[in-house]
Amino acid sequence: DSGVTQTPKHLITATGQRVTLRCSPRSGDLSVYWYQQSLDQGLQFLIQYYNGEERAKGNILERFSAQQFPDLHSELNLSSLELGDSALYFCASSVAEANYGYTFGSGTRLTVV
Amino acid sequence: SQQGEEDPQALSIQEGENATMNCSYKTSINNLQWYRQNSGRGLVHLILIRSNEREKHSGRLRVTLDTSKKSSSLLITASRAADTASYFCATLRVGNQGGKLIFGQGTELSVKP
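Residues numbered from 1 in each chain as written. Chains lettered and ligands numbered in written order. Predicted model: local features only at pLDDT ≥ 70, side-chain atom pairs only at ≥ 80, totals over all residues. Heavy atoms only, no water.

### Section: the overall build of chain A
Formally: Helix and strand definitions here come from DSSP, where helices need a minimum of 4 consecutive H or I residues and strands a minimum of 2 consecutive E residues; each element is numbered from the N-terminal end. Our radius of gyration is a C-alpha quantity, and the globule rule it is checked against amounts to 2.2 Å times the number of residues to the power 0.38. Exposure classes here rest on a 1.4 Å probe applied to the protein chains alone. A residue is buried below 20% of its type maximum, exposed above 50%, and partly exposed in between. The contact definition used throughout considers only heavy atoms, calling two residues in contact when any of these lie within 4.5 Å. Only the protein chains shown count as covering a residue, and every accessible area follows the Shrake-Rupley method with a 1.4 Å probe.
When its secondary structure is counted, chain A shows zero helices and eleven strands. Overall, chain A shows an N-to-C arrangement of helices and strands of β-β-β-β-β-β-β-β-β-β-β. For 113 residues, the compact-globule formula gives about 13 Å, and the C-alpha radius of gyration of chain A, at 13 Å, lands near that figure. C-alpha atoms of chain A, sized along the principal axes, occupy 35 × 30 × 25 Å. Relative to its 113 residues, chain A shows a buried fraction of 52%. For chain A, long-range pairs separated by at least 24 residues make up 55% of all intrachain contacts whose partners lie at least 6 apart in sequence. When the accessible surface of chain A is summed, it comes to about 5300 Å², and 48% of that surface belongs to carbon and sulfur atoms.

This is the structure in structure tokens:
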């Protein structure tokens, strides 16, 4: 157990639907990062939050949004889902900003049918 | 786009042999990190090397960094079947907004018993 908790582990949903992925960072970590991993695109950075505020944005689609709550857990919302959104979604956390490495969760495998 | 490119894409060796993986990147960095991912699982942080360091060791791992060539290598000595996994390099760029790491495409290592 890495200390970063992601739920759910698996999610199967239909095109056009909306889902929410949840991440609880390791205790004491203030930064949360979301990544998408697919076979063709590899690991793509989506977005980072630090202590509740958005700090960096990557190639995140407008259909996707995220937030970090006061208790530091984070949610990634994916809407109007398309087949191409099927991927592994990882959350990672760190104490500061990547100077000591990330701790990754075990991921949510999203399948859009 | 990916910052790091790893070479080789796949590597197959016998137990007890050494495995060397290379990573090249494009822009100036603050640090470079290596991660391991077992199939379908979360990534595990292995080692971080800062831009002012040239070599670092951790157990059976040895990482080198050549900032003039914008490249790094990961050496795993006396490999074991349990080392079978994908290995990714990730870079934190200079002047990076936030702490986002950019990952390479990874090297798939297979260690045969």
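Still more ground to cover, so stick around.
### Focus: the sheet that holds strand 3 (residues 19–24) of chain A
Residue and element names in this part refer to chain A. Test applied: Only strands that DSSP links by at least two bridges are regarded as paired with each other. A fitted line through C-alpha atoms represents every axis, and for helices the fit uses only the stretch in contact; the resulting angles, taken between N-to-C directions, go from 0 to 180 degrees.
Spatially, 1-3-8-7 is the arrangement adopted by the four strands of the open sheet, whose pairing is antiparallel. Of all strands in the sheet, those with a lone pairing partner are strand 1 (5–7) and strand 7 (64–68), marking the two edges. The average undirected angle you get between the axes of adjacent strands in this sheet is 15°. In this structure, strand 1 lies alongside strand 3, joined through three bridges in antiparallel fashion. Within the sheet, the bridge partner assigned to Q6 lies in strand 3 and is C23.

### Regarding the pairing of strand 8 (residues 74–78) of chain A
The two faces of the sheet receive side chains in turn, since in a regular strand these alternate between them. Of all five residues that make up strand 8 of chain A, five are buried, and the element is covered over most of its length. Across the two faces of strand 8 of chain A the burial is the same, with A:S74, A:L76 and A:L78 and A:E75 and A:N77 all buried.

### Focus on the environment of B:P113
In this structure, B:P113 sits in the segment after strand 11 (107–112). Between the C-alpha atoms of B:P113 and B:T64, which are 49 residues apart in sequence, the distance is 27 Å.

### Side note on the side chain of B:S86
Residues and elements named next belong to chain B. Its place among the elements puts S86 in strand 9 (residues 85–93). On the basis of relative accessible area, S86 is assigned to the buried category, the value being 18%. Other than its neighbours up to four places away in sequence, S86 contacts Y35, R36, Q37, T107 and E108.

Nothing here speaks to function; it is all geometry.
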